[in-house]
Structures are given as structure tokens and as C-alpha cells.
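# Breakdown of the fold
One-letter residues, chain by chain:
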Protein chains: 2
Amino acid sequence: MGAEYDQHVAVTDLGNGGFAAELDEGWVVGGGVNGGYLLGVVGTALRAASPAKPDPLAVSAYYVSAAVPGPATVSTRVVREGRGSATLAAELRQGEQVRVTALATYGDLAGLPDDVRTTATRPPIPPLEECVPGSAAPEEVRKVARMMARFDMRFDPACVGWTVGAPSRRGELQAWFRLNDEREPDPVALLTVLDVLPPVTMDLGLMGWAPTLELTAHVRGAPAPGWLQVRHVTRNVAGGMFEEDCEVWDSAGRLVAQSRQLAMLPR
Amino acid sequence: MGAEYDQHVAVTDLGNGGFAAELDEGWVVGGGVNGGYLLGVVGTALRAASPAKPDPLAVSAYYVSAAVPGPATVSTRVVREGRGSATLAAELRQGEQVRVTALATYGDLAGLPDDVRTTATRPPIPPLEECVPGSAAPEEVRKVARMMARFDMRFDPACVGWTVGAPSRRGELQAWFRLNDEREPDPVALLTVLDVLPPVTMDLGLMGWAPTLELTAHVRGAPAPGWLQVRHVTRNVAGGMFEEDCEVWDSAGRLVAQSRQLAMLPR
């Protein structure tokens, strides 16, 4: 049967670069389906379309309309197949509606040089058992954000003030993360992990969901098994929009994925 | 005649979303044409394709093969026209070769709310007259990087050590920037400005040009006239690649553009 996540992002090859998917209602959040999950579905289709270069190195997704649970198709196209990497395009549609349009570079993470000269340092976070589980959220929150039942998320207590009306106003959210069924992270799953935390604007006291216009993910290494540390930061809230940077650190302490998204402020 | 920059990014409408451009040899750097300039050409074509929403809000460009001076075409496509923004796709080709494939969200910067709650602070930089002009570079450098003649760039003295074999190794480059002819910045020109500094890896002592795989630009406000402050930073050099974050601050002290790119380390 495999893990729940693998079932939810599974695609069926329709030939000619087309794939069928079933968007699971378990990933509903607010009025749509979580963008990180959609990125996982798109990333799975692209991996199937690029067997010789199976790993996402960079993926840029533009969220064109809100997806709903149910059938979807992902059409993929190879823009250029190079020696070390391939550039690909993908569109996720439901009926005639484009939900996500994306560009990507796929490659082989295992084939990259093994130098790591990362100067970013892993931000401190209390141990798992001192963090606040997402399951502690009020039932009405978990009903609106049904996706919270897909994983175990343990929030750094320093950035959960917003849940009780006392946001830190630093513009930072941080949590430990693990998919259900102890499904270990892999490069495609990291695409999902980059957009599963609540919007960082909550920590600024701006409640409500924040629709993503664009999210670009960089996967920089195959993650080690175990819990991931996920961090969201924003520094430029202006003009009704904000950028949100996400970092994912694996259990071996490596910065394995980074993303930046441009999103609309909650109304 | 207009400013040099406007002539260099000009496009001719061929109908059906197609545009002709002439890539100017003045933007050559190393073995190719500068990626920021190419982004300016793509951005100009997209602006022409989206008259009701004339400003780039987000542009993601995948650099597929090295461009050369001479004729090029830009094909554009409207993925979806929404109320406040439009999602567009573009490909810049020379003959049959795709050079750049891109996705973009265009909108109207003047129509956005005027709230600015930016928490990022403008990094200190010495005044213009205490900075090191790009024209002080040795002639052999200016021959390889002919694009340096397209603008006035004044480097923060704290990050020019690499030019004399003493890089700071902080992974930071910073400069004042102004296009030739005192051509004032506008939203499309900011796309160029986000990729005109030398690769930040020079400050790590890694000399040579660094091919961009992907660059995503966010334009967050129409820039005030005058000099721009441009800053490049990297925090994750690993696996033969690095991310480069760019910030552009305008003369009024506003963070008007941000980008992140994934690039290959110099060999």
C-alpha cells in the first residue's frame, strides 16, 4: 500500500507527457488545496517524465487558480535535455482550468560534487518534546486546515504566540516536521515541505490564509531520514504582498531545501 | 533616440504574441550575454503583451543555453488573465535554440495598496564618492565583461578585496548602480539590475563566471529616480551550486526588488 503521502501524490502515465492525478481532500486548507501538496504532485509527474534526471533542483510554480479535491491532469514538456540537467515545463489542470503552471530543472542529486560550504547556520530550536504539536490546535482550526492531519508538526514555542493573540511580530515561524506513516523525506517530498507551515504573516498578527502567487523551490541535497526542521521568514511586507523564505534542514544538519514565495496578504 | 538601455531592450511586435529583438553585443560577458539584460528583453516583450497589467510582479527565468549577440525572438502566451494580475509565459529563442524560458505574473504596481511594513533594513554603504567605480577594473576584465560599459557601478570598498586576491569570504557584494544616459530605473529595468553585479562567489575567492540555472525576480514597488543600491549575498554553497539573493533599494530607501537565483559554481 505504501505511505499515505505516496498514495496522495501518485500519478498515472497517460502518454505524450500527460499524467492523471487525484487531488486528495485530505490536503484541503481554507478554500483550496495546499500549494505544497500540489507541488508534490507536479514534482512527481516531472520525475516520471525525466527518468534519467529524477531529482528536482529548481521548480518555479505559479498558482493560477484555487484547486479543489478530485481529478486533475498534469501535462509535462521537456524544454531542453542537457548533459547534467533537464529543463521541463508542467501544467496542472482541472477540466479546462489551469491550477498551476511550472518550470523546473531536474538533475541527479547523487551525481553532484559533495562539497558543502554552507555558511548559513541551523537556527536553534528546542527539542521535539518541548515543542507544541499541531494536534493541540483547536478543532475549528483543524477543520479548516484539514491538511494538518497529514503530518506531525511541532512548533517552536517561541513562535506560537499568534495562536493566543500574542504574535511575536518578528515574522518568523519554525517547526519540526514529519510526514504520516514516518514516510521519510526525499527530494520530491521536500517540495511539499517547503509550503506546509502556516503563513508567516500569522506571526505578524495578520490572521487568515495567504494565497501564493509564485513559489520557487531549490532542492540542494537528498535529505537524511528523520525529522526535518522547517523555518519561514518574511522581511518585506508591502503593497498588499509579502515574500516568504523557507529553509528545510535535515536530521544531519544540512540545509537541503530553500524556497521563496510571493504571496498576497490575508484580507 | 532615447537612452541606450531602451534601444537595447526594444522589441518589435510580430503579432500572435511574438516579438523580435536584437541582442546587443554591448551586454556580452564571458562566453554569453548577461542574464539580467536577457530578462530585461523578456520583460519588455511581456509588458507589450500585457498592456492592462504593465508591471512585472514576479518573473521566473530558466536559462537553457547561452545567448549570443544578434537577432532573437520572444514568444509570449497569456496563461490566465485575472482581475488584478495576469500569468504569462515567454520563451526567448535564437533560431531553433531556446535561450530562456520564463513564467511571470504581471500587474499594476501603482494600483497596489500603499502599505510598507518592510522589516529588512537598508544595509550601510559608503557614499558614492567613496566607492570604487567599475571603470577602475583592469582593461582585460572590462574586455571580457563588456557589459560593464553599460552602466556606472560603484563598489562598496569593503567587498572589492577579491579584485586584488584578498576576498572577504563573507559572500557579499554591494554597489551603487545607474544605467548609462542617467536612464531612470523602472520596473522592467529592475529585472536587469537584479543580475548585473559580478557573481557573489568572487567574494568567496571563487573566480570565474557562474552560469545561472534559474532566477526569480520580485518587483515590489516602482523605483524612485536616482541611484540604486544593489546587494548580492549567498549562504548555501554546496554540491557545485550556490544560491544568490539580490536586493535592490531605491534612492528613497525602499526595498523595490528582490531575487534569488540558483547558479553553478565557477569551474
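Residues numbered from 1 in each chain as written. Chains lettered and ligands numbered in written order. Predicted model: local features only at pLDDT ≥ 70, side-chain atom pairs only at ≥ 80, totals over all residues. Heavy atoms only, no water.

Turning our attention to the overall build of chain A. When helices and strands are tallied, chain A shows 4 helices and 16 strands. Taking 267 residues into account, the globule formula puts the C-alpha radius of gyration at 18 Å, and chain A, at 18 Å, falls close to it. Expressed along its principal axes, the backbone C-alpha trace of chain A runs to roughly 50 × 45 × 45 Å. For chain A, the proportion of its 267 residues judged to be buried stands at 61%. Relative to all contacts within chain A whose residues are 6 or more apart in sequence, the contacts with residues 24 or more apart total 70%. Carbon and sulfur atoms provide 53% of the accessible area of chain A, an area that totals close to 10300 Å². Looking at charge distribution, chain A has the averaged site of its 24 positive side-chain charges lying 5 Å from that of its 32 negative ones. (Helix = DSSP H or I, 4+ residues; strand = E, 2+ residues; numbered from the N terminus. Rg over C-alpha atoms; globule rule 2.2 N^0.38 Å. Buried < 20%, exposed > 50% of the residue type's maximum accessible area, 1.4 Å probe, protein only. Contact = heavy atoms within 4.5 Å. Areas by Shrake-Rupley, 256 points an atom, 1.4 Å probe, with all protein chains shown as cover. Lys, Arg positive; Asp, Glu negative; His and termini not counted. Charge placed at Lys NZ, Arg CZ, Asp CG, Glu CD.)

Inspection of every chain in the model, using the stated rule, returns 8 aromatic pairs over all chains. An angle of 45° between the planes, with centres 6.2 Å apart, marks the rings of tryptophan 27 of chain A and phenylalanine 151 of chain A as tilted. One end of the pair, tryptophan 27 of chain A, is in the loop between strand 2 (18–23) and strand 3 (28–29); the other, phenylalanine 151 of chain A, is in strand 10 (residues 151–155), and 124 residues separate them in sequence. The residues tryptophan 27 of chain A and phenylalanine 151 of chain A share a single accessibility class, namely buried. On the basis of an interplanar angle of 5° and a centroid distance of 5.0 Å, the ring pair of tryptophan 27 of chain B and tyrosine 37 of chain B is categorised as stacked. Pair noted here: tryptophan 27 of chain B is in the loop between strand 2 (18–23) and strand 3 (28–29) and tyrosine 37 of chain B is in helix 2 (residues 35–49), with a separation of 10 residues, a long-range link. Tyrosine 37 of chain B sits in the buried class, given a relative accessible area of 0%. Feature note: the residues Tyr5, Trp27, Tyr37, Phe151 and Phe177 of chain A constitute an aromatic cluster, connected by ring pairs. (Phe/Tyr/Trp six-rings, centres within 6.5 Å; stacked < 30°, edge-to-face > 60°.)

Time to look at the side chain of arginine 99 of chain B. Residues and elements named next belong to chain B. Within the secondary structure layout, arginine 99 lies in strand 8 (residues 97–107). Look at arginine 99: it is buried, it has no salt bridge, and the nearest opposite charge is glutamate 96 at 11 Å. Beyond its immediate stretch of four places on either side in the chain, arginine 99 contacts Tyr62, Tyr63, Val64, Ser65, Ala66, Ala67, Val68, Leu92, Arg93 and Gln94. (Salt bridge = Lys/Arg side-chain N within 4 Å of Asp/Glu carboxyl O.)

This part covers the interface of chain B and chain A. Reports often express the size of an interface as the amount of accessible area lost when the parts come together. Opposite the 50 residues of chain B that make contact, chain A presents 50 residues. The three residues of chain B that bury the most area against chain A are Tyr62, Arg220 and Arg235 of chain B, which together make up 16% of that side's buried surface. Connecting chain B to chain A are 6 salt bridges. Arginine 77 of chain B is the partner of glutamate 91 of chain A in a salt bridge, and the nearest nitrogen-oxygen pair spans 3.4 Å. The interface formed by chain B and chain A includes 41 residue pairs in polar contact (both at pLDDT 80 or more). (Buried area = accessible area lost by both parts, 1.4 Å probe. Polar contact = N/O pair within 3.5 Å; in protein donor to acceptor, adjacent residues only side chain to side chain.)

The subject of this paragraph is the relation of the copies chain B and chain A. Take chain B, turn it by 180°, move it 0.0 Å along the axis, and it overlays chain A with an RMSD of 0.0 Å. Both copies are brought into coincidence by an operation consistent with a two-fold rotation axis. (Least-squares fit on C-alpha atoms with pLDDT ≥ 70 in both.)

This part takes up the UniProt feature "domain: Acyl-CoA thioesterase-like N-terminal HotDog" (unreviewed entry) in chain A. Look at the UniProt record and you will see "domain: Acyl-CoA thioesterase-like N-terminal HotDog" (unreviewed entry) annotated at residues 24–107 of chain A. This span, residues 24–107 of chain A, is 18% helix and 54% strand, and a straight line between its end C-alpha atoms measures 28 Å. (UniProt positions renumbered as here; feature names shortened; annotations may be inferred.)

A few words on the pattern of salt bridges. Tallied over the entire structure, the rule returns 32 salt bridges over all chains. For arginine 235 of chain A, the salt bridge goes to glutamate 247 of chain B, with nearest N and O atoms at 2.7 Å. Placement of the pair is arginine 235 of chain A in the loop between strand 13 (228–233) and strand 14 (237–238) and glutamate 247 of chain B in strand 15 (residues 241–249), with the two residues belonging to separate chains. By relative accessible area, arginine 235 of chain A is classed as partly exposed at 28%. With a closest N to O distance of 2.8 Å, glutamate 4 of chain B and arginine 150 of chain B form a salt bridge. You can see glutamate 4 of chain B sitting in helix 1 (residues 4–9) and its partner arginine 150 of chain B sitting in the loop between helix 3 (139–144) and strand 10 (151–155), a full 146 residues away along the chain. For the pair formed by glutamate 4 of chain B and arginine 150 of chain B, the shared burial category is buried. Through salt bridges with shared partners, a single network forms among Asp6, Arg47, Arg183 and Asp186 of chain A.

The next point concerns the nonpolar core. In this structure, Trp27, Leu92, Phe177 and Val248 of chain A together with Trp27, Phe177 and Val248 of chain B are the most contacted members of the largest nonpolar core, which totals 140 residues. Ignoring any residue separated from it by four or fewer positions in sequence, one finds valine 248 of chain B in contact with Leu190, Val193, Leu194, Leu228, Gln229, Val230, Arg254, Leu255, Val256 and Ala257 of chain B. (Core = buried A, V, L, I, M, F, W, Y, C linked by side-chain atoms within 4.5 Å.)

Below, the discussion takes up unusual backbone geometry. All names here are of chain B. The backbone of asparagine 16 sits at a positive phi, close to 55°, despite the residue not being glycine. Note on placement: asparagine 16 falls in the loop between strand 1 (11–15) and strand 2. A positive phi angle, near 50°, is found at glutamate 182, a position not held by glycine. Secondary-structure assignment places glutamate 182 in the loop between strand 11 (172–179) and helix 4 (187–193). Among the residues examined, glutamate 182 registers a relative accessible area of 56% and is labelled exposed.

Further remarks concern the environment of alanine 222 of chain B. Looking at the secondary structure, you find alanine 222 of chain B in the loop between strand 12 (212–219) and strand 13 (228–233). Setting aside its immediate chain neighbours within four residues, alanine 222 of chain B contacts Leu109, Pro187, Asp250 and Val256 of chain B.

Residues given the UniProt feature "domain: Acyl-CoA thioesterase-like C-terminal" (unreviewed entry) here are residues 129–264 of chain A. Between the end C-alpha atoms of residues 129–264 of chain A the distance is 34 Å, and the span holds 10% helix and 37% strand.

The next point concerns the side chain of arginine 150 of chain A. Residues and elements named next belong to chain A. Overall, the relative accessible area of 14% leaves arginine 150 in the buried class. Reaching out from arginine 150, the side chain makes a polar contact with the side chain of glutamate 4 at a distance of 2.8 Å. Filtering out sequence-adjacent residues up to four positions away, arginine 150 remains in contact with Glu4, His8, Gly26, Trp27, Leu179 and Asn180.

All names here are of chain A. Compared with an ideal rise of 1.5 Å per residue, which puts 15 residues at 21 Å, helix 2 (residues 35–49) spans 21 Å between its outermost C-alpha atoms and is within 8% of the ideal. Most of helix 2 sits out of view: 12 of its 15 residues are buried. Three or more residues of helix 2 are buried, namely Gly35, Gly36, Tyr37, Leu38, Leu39, Gly40, Val41, Val42, Gly43, Thr44, Ala45 and Leu46. Structurally, the start of helix 2 carries an N-cap: the backbone nitrogen of glycine 36 is 3.0 Å from a side-chain oxygen of asparagine 34. (Expected span 1.5 Å × (residues − 1).)

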